[in-house]
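Here are the chains, one letter per residue:
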Amino acid sequence: MDKIDTIISQWRRERPDLDSASIGVIGRLARLVTHVERALADNFARFGLKDGEFDVLATLRRAGAPYQLSPTMLYTTLLLTSGAVSKRLDRLESAGWVERLPDPNDRRGMLIRLSPAGLELIERAMSAHIATQESALAALAGPQREQLAALLSQWLQSFPGEAQTEAASPPRPLPTESKTS
């Protein structure tokens, strides 16, 4: 038994007319999220990062070389407002982890690129991030993880805007040279 079992049994005693079985899933998921978020935040702090800053660096890194995106692509990919991304970029730029560069293909545009220090940081932080996630999942064997991932994916896709409507592909970096040259 865990703490959620106690809560379910209390509700069954107090409100037998309610089917409180959903608490078993939602309550455990909420508690797991709390534990995982704490472990991730502790890991990010080791690198001087907050979770949102890690997300920006990781998004730029997984875009592939030259590790740059437009601000619009960043906030669209991160599902954030432009203001929220701008604040994160200000901090990351001050720390020397990203650079704001003029877009050679759009005089009014700009590109956000990982600096060499930012690339080195996200490489280390990402390795530690995966290790933290592995540690959080240590109680589950490989097939159990796969089954859980499939069930969570099915559940997640039942919410509006979560189903993948086209082939998933990482954001592609913008070209640094004009195609006409």
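Located above this text is the structure these notes cover.
Note that this is a predicted model, so its numbers are computed, not measured.

**Focus: the packing of helix α1 (residues 3-14) against helix α2 (residues 22-46)**
Packing of α1 against α2 brings their axes to within 10 Å, and their N-to-C directions diverge by 145°. Both α1 and α2 take part in a crossing whose hand is right-handed. The residues of α2 that touch α1, namely those facing Lys 3, Ile 4, Asp 5, Ile 7, Ile 8 and Trp 11, are Ile 23, Gly 24, Gly 27, Arg 28 and Arg 31. Here the contact of α1 with α2 is composed, by residue class, of 5 nonpolar, 2 polar and 4 charged.

**Topic: the sheet that holds strand β2 (residues 98-103)**
The strand order β1-β3-β2 describes an open sheet built from 3 strands, whose pairing is antiparallel. At either margin of the open sheet sits one strand with a lone partner, and together these are β1 (68-69) and β2.

**Things to note about the pairing of β2**
Every other side chain in a regular strand lies on the same face of the sheet, so the side chains alternate between the two faces. In this sheet, strand β3 (residues 106-114) lies alongside β2 in antiparallel orientation, the contact comprising 6 bridges. Across the sheet, the residue bridging to Arg 100 is Ile 112, located in β3. Between β2 and β3, which pair antiparallel one after the other, the connecting turn spans 2 residues.

**Section: the nonpolar core**
Judged by nonpolar contacts, the single largest core of 25 residues is most densely connected at Leu 49, Leu 57, Leu 60, Leu 74 and Val 98. Ranked by residues supplied to this core, first place goes to helix α3 (residues 51-62) with 5 residues. Setting aside residues up to four positions removed in sequence, Leu 74 forms contacts with Val 56, Thr 59, Leu 60, Leu 69, Val 85, Leu 89 and Ile 112.

**Examining a nonpolar patch on the surface**
Among the surface-exposed residues, Val 25, Ile 26, Leu 29, Val 33, Leu 148, Leu 152, Trp 155, Leu 156 and Phe 159 lie close enough to one another that they form a single nonpolar patch of about 730 Å² accessible area. Put simply, the parts of the chain that give the nonpolar patch at least two residues each are α2 and α7 (142-156).

**Structural notes on the pattern of salt bridges**
By the definition in use, this model includes 10 salt bridges. The partner of Arg 15 in a salt bridge is Asp 17, and the shortest N-O contact between them spans 2.7 Å. When the shortest N-O distance is used, the salt bridge between Glu 123 and Arg 61 registers 2.3 Å. You can see Glu 123 sitting in helix α6 (residues 116-136) and its partner Arg 61 sitting in helix α3, a full 62 residues away along the chain.

**Here's the deal with the packing of α3 against helix α5 (residues 82-94)**
Two numbers describe how α3 lies on α5: the axes approach to 10 Å, and their chain directions differ by 80°. It follows that α3 is roughly perpendicular to α5 by the angle criterion. For the pair α3 and α5, contact is made by Gly 52, Glu 53, Val 56 and Leu 57 and by Arg 88, Leu 89, Arg 91 and Leu 92, respectively. The residue makeup of the contact of α3 with α5, split by class, is 4 nonpolar, 1 polar and 3 charged.

**As for the environment of Leu 121**
When you line up the elements, Leu 121 lands in helix α6. Judged by its relative accessible area of 3%, Leu 121 is buried. Along the chain, Leu 121 and Asp 42 lie 79 residues apart, while their C-alpha atoms are 16 Å from each other. When neighbours within four sequence positions are excluded, Leu 121 is seen to be in contact with Phe 47, Leu 49, Leu 57 and Trp 97.

**Describing unusual backbone geometry**
The linkage connecting Ala 65 with the following residue, Pro 66, adopts the cis geometry, with an omega of 15°. Structurally, Pro 66 can be placed in the loop between α3 and β1. Even without being a glycine, Tyr 67 presents a positive backbone phi close to 60°. Within the secondary structure layout, Tyr 67 lies in the loop between α3 and β1.

**Things to note about the pairing of β3**
Of the strand pairs in this sheet, β1 and β3 are connected by 2 bridges, and their pairing is antiparallel. Along β3, the bridge assignment pairs Gln 68 with Arg 113.

Procedures and definitions
Residues numbered from 1 in each chain as written. Predicted model: local features only at pLDDT ≥ 70, side-chain atom pairs only at ≥ 80, totals over all residues. Heavy atoms only, no water. Axes fitted to C-alpha atoms, helices over the stretch in contact; angles between N-to-C directions. Helix = DSSP H or I, 4+ residues; strand = E, 2+ residues; numbered from the N terminus. Left-handed = near helix turned anticlockwise from the far one by under 90°. Contact = heavy atoms within 4.5 Å. Nonpolar A, V, L, I, M, F, W, Y, C, P; charged D, E, K, R; others polar. Pairing = 2+ DSSP bridges. Core = buried A, V, L, I, M, F, W, Y, C linked by side-chain atoms within 4.5 Å. Buried < 20%, exposed > 50% of the residue type's maximum accessible area, 1.4 Å probe, protein only. Patch = residues over 30% accessible without salt bridge, like charges linked within 9 Å, V, L, I, M, F, W, Y side chains within 5 Å. Areas by Shrake-Rupley, 256 points an atom, 1.4 Å probe, with all protein chains shown as cover. Salt bridge = Lys/Arg side-chain N within 4 Å of Asp/Glu carboxyl O. Parallel < 35°, antiparallel > 145°, perpendicular 65-115°, else oblique.

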